[in-house]
Amino acid sequence: MSLPFRPLCILTFAAGVAAQSTVVPTGYTATEGESFIQQFPLGGRNYVQQIHGGAIGPRTIAGLAWRRDGQSTTPFASPSQQNITVRVGVGDPSRVSSVPNDNFIGGPTVVFDGIVALPDWQSVPAAAPAPFDFVITFTQPWALPAGPGFTWDLASFFDNLNGADMVPEHAGTNGVTLGQGCSVVLPMTARGWMLALAPTNELVTCFAAGGLRAVSPAVLLLGGSDPQLAVPGLCAALRTDVIGAVPTSTDWGGNAKVQWQQAFNPALAGRALLGQFATLDPRISPLPFGLTNGVAQSVPTPRPAPDGATVVDEGSGPQVLRNFAIVTELR
């Protein structure tokens, strides 16, 4: 993703947090947002808008600031200058429209229109969360009245700053690879992820594999621990204690996928689930079975969804992303 901009001030590299600053979404002042927006400003038509809820006003806002993701490498986030425009206004996250101007109650105010120097976000910071060093200071401070929320948008002519810290729609974890799978034509590999769906309180679990024999019976072996068991005749070690199994099959490309959804039990947060795919494969001897690497998954800890929404335009028209927020500091 990427976002748009065009203001008339210079961007400053923040040395510290100004007095009266507020970070939205609430709770992320000293907490990493867990993900990052691929490009900020966004690509396509280079436009992004965010509507924040909560008791933000009344207050005076002199500028906005963003920070890079504290964990991911963003090699294309090189420093540059952009022509950016920022607008602000009163918003209401309970009535968000894909028509950007409709999300400004009483209309928007242009608070910045000029050249901004973008910071260098190529290197992972020493500690997460990173400092708010992408700063736009308004031409004049703007007074946000008491109300349901705050809306800002940003438009830009260019797009080459990646990796702004954001709160994704759902809490999630990626599986950790255990060992190596067999290899015939291609390495037999597996991966996995889990998502805790905040609005519906459900847990989605997925295991996927590639490099297996095409159009073949397969099974996903599930367990709670890693025995690292080498079985004579098998081409790879067993990386799960196999307390359950899910039958499946591979497609014409040798891929397999098992995914399910269930009610989320917060008491399971942090619990491990290990998986490994096995398939019938007469190309392998002495035992005709192919095995992928193992995958260790961890049930994510649920978190409240951000109070608000983000509107982006990537070239095909504005679209609303609920429960998604770029971590923003109001100065």
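Residues numbered from 1 in each chain as written. Predicted model: local features only at pLDDT ≥ 70, side-chain atom pairs only at ≥ 80, totals over all residues. Heavy atoms only, no water.

1. Details of unusual backbone geometry
The line we're drawing: Working definition: helices are DSSP H or I runs of at least four residues, strands are E runs of at least two. Numbering for both runs from the N terminus.
Across the junction of Val 24 and Pro 25, the peptide omega takes the value 0°, indicating a cis bond. Secondary-structure assignment places Pro 25 in the loop between β2 (22–24) and β3 (35–37). Residue Ala 128 is joined to Pro 129 through a cis peptide bond whose omega torsion reads 0°. Mapped onto the elements of the fold, Pro 129 is located in the loop between β7 (105–118) and β8 (134–144). In this model, Val 215 sits at a positive phi of 50°, which is unusual for a non-glycine residue.

2. Focus on the environment of Phe 132
The cut-off we apply is this: Residue exposure (1.4 Å probe, protein chains only): buried if accessible area is under 20% of the type maximum, exposed if over 50%, otherwise partly exposed.
Position of Phe 132 relative to the elements: it lies in the loop between β7 and β8. Looking at Phe 132, the relative accessible area reads 7%, which means it is buried. For the pair formed by Phe 132 and Ala 65, sequence separation is 67 residues and the distance between their alpha carbons is 5.7 Å.

3. Details of the side chain of Ser 97
This is how the line gets drawn: The definition of a polar contact used here is a pair of N or O atoms within 3.5 Å, where within protein one atom must be able to donate a hydrogen and the other to accept one, and adjacent residues in sequence count solely through side-chain atom pairs. Contacts: residue pairs with any heavy atoms within 4.5 Å of one another.
Mapping Ser 97 onto the fold places it in the loop between β6 (80–90) and β7. A polar atom in the side chain of Ser 97 sits 2.9 Å from the backbone nitrogen of Val 99. Beyond its immediate stretch of four places on either side in the chain, Ser 97 contacts Asp 102, Asn 103, Val 311 and Val 320.

4. Details of the pairing of strand β14 (residues 202–210)
Rules: At least two bridges found by DSSP between two strands is the condition for calling them paired.
For β14, a buried count of 8 out of 9 residues is recorded, marking the element as mostly surrounded by other parts of the structure. As judged from the 9 bridges shared by strand β13 (residues 189–197) and β14, these two strands associate in the antiparallel manner. Within β14, the position partnered with Arg 191 by the bridge is Ala 208. Bridging between β14 and strand β17 (residues 256–263) involves 8 bridges; their strand directions are antiparallel. If you follow Cys 206 over to β17, its bridge partner there is Gln 259.

5. Looking at the side chain of Asp 133
Tracing the backbone through its elements, the reader meets Asp 133 in the loop between β7 and β8. A distance of 2.9 Å separates the side chain of Asp 133 from the side chain of Trp 121, its partner in a polar contact.

6. With respect to the sheet that holds β13
Quick reminder of the rule: Lines are fitted to the C-alpha atoms to define the axes, a helix being fitted only along its stretch in contact, and any angle between axes, read from their N-to-C directions, falls within 0 to 180 degrees.
Within the open sheet, the 4 strands sit side by side as β11-β13-β14-β17. Their pairing is antiparallel. Both outer strands of the open sheet, β11 (171–174) and β17, are each paired with one neighbouring strand and no more. Averaged over all pairs of adjacent strands, the angle between strand axes in this sheet comes to 10°, irrespective of strand direction.

7. Side note on the packing of aromatic side chains
Which entries qualify depends on this criterion: Geometry of aromatic contacts follows a simple scheme: Phe, Tyr and Trp rings, the Trp one being its six-membered ring, pair when their centres are within 6.5 Å, and the pair is stacked under 30 degrees between planes, edge-to-face over 60, tilted otherwise.
Summed over all chains, the structure comprises 5 aromatic pairs. Considering the side-chain rings of Trp 66 and Phe 134, the 5.0 Å spacing of their centres and the 45° angle between planes classify their relative orientation as tilted. With Trp 66 in strand β5 (residues 59–66) and Phe 134 in strand β8, this residue pair connects regions lying 68 residues apart in the sequence. A relative accessible area of 0% means that Phe 134 is categorised as buried.

8. With respect to the pattern of salt bridges
Think of it this way: side chains of opposite charge can pair up when their charged atoms draw near. Convention followed: Any Lys or Arg side-chain nitrogen found within 4 Å of a carboxyl oxygen on Asp or Glu counts as a salt bridge.
Counted under the stated rule, the structure contains 4 salt bridges. Here Glu 329 ties to Arg 331 by a salt bridge, and the two come within 2.5 Å at their closest N and O atoms. Under the relative-accessibility criterion, Glu 329 is labelled buried at 1%.

9. Digging into a nonpolar patch on the surface
The condition is simple: Candidates for patches are residues over 30% relative accessible area with no salt bridge; among them, like charges are joined within 9 Å and nonpolar side chains (Val, Leu, Ile, Met, Phe, Trp, Tyr) within 5 Å. Using a 1.4 Å probe, accessible areas were evaluated by the Shrake-Rupley method; residue-level cover was limited to the displayed protein chains.
Nonpolar side chains collect at one region of the surface, where Val 184, Val 185 and Leu 186 lie side by side and expose about 280 Å² of accessible area between them. As for its placement among the helices and strands, Leu 186 is situated in the loop between β12 (176–178) and β13.

10. Describing the state of the cysteines
Working definition: the covalent bond between the sulfur atoms of two cysteines is a disulfide. We count it as follows: For the purposes of this analysis, a disulfide is any pair of cysteine sulfur atoms at a distance within 2.5 Å.
For the structure on display, the rule yields 1 disulfide. Bridging Cys 182 to Cys 235, the disulfide has an S-S length of 1.8 Å. Disulfide Cys 182-Cys 235: the torsion about the S-S bond is 85°, which places it as right-handed. With Cys 182 in the loop between β12 and β13 and Cys 235 in the loop between β15 (217–223) and β16 (244–249), this pair connects stretches of sequence that are 53 residues apart.

11. Some remarks on the confidence of the model for the chain
Going by this rule: One number per residue, pLDDT, summarises how confident the predictor is, and it ranges from 0 to 100.
In the predicted model, the chain carries a mean pLDDT of 82, and 82% of its residues have values of at least 70. β15 holds the highest mean pLDDT among the elements of the chain, 97, whereas strand β1 (residues 11–12) holds the lowest, 33. Under a pLDDT of 50 for its full length, residues 1–19 has, in the predicted model, 107 contacts with residues more than four places off or in other chains.

12. Let's talk about the nonpolar core
The condition is simple: Put simply, a nonpolar core is a bunch of buried Ala, Val, Leu, Ile, Met, Phe, Trp, Tyr and Cys residues held in one set by side-chain atoms that sit within 4.5 Å of each other.
The biggest cluster of nonpolar side chains holds 30 residues, and the ones touching the most others in it are Leu 64, Trp 66, Val 86, Ile 136 and Phe 150. Contributing elements (two or more residues each) for this core: β5, β6, β7, β8, β9 (149–156) and β10 (164–167). No other element matches β8, which puts 5 residues into this core. In contact with Leu 64, other than residues within four places in its own chain, are Val 86, Phe 134, Val 135, Ile 136, Phe 138, Phe 150, Trp 152, Thr 328, Glu 329 and Leu 330.

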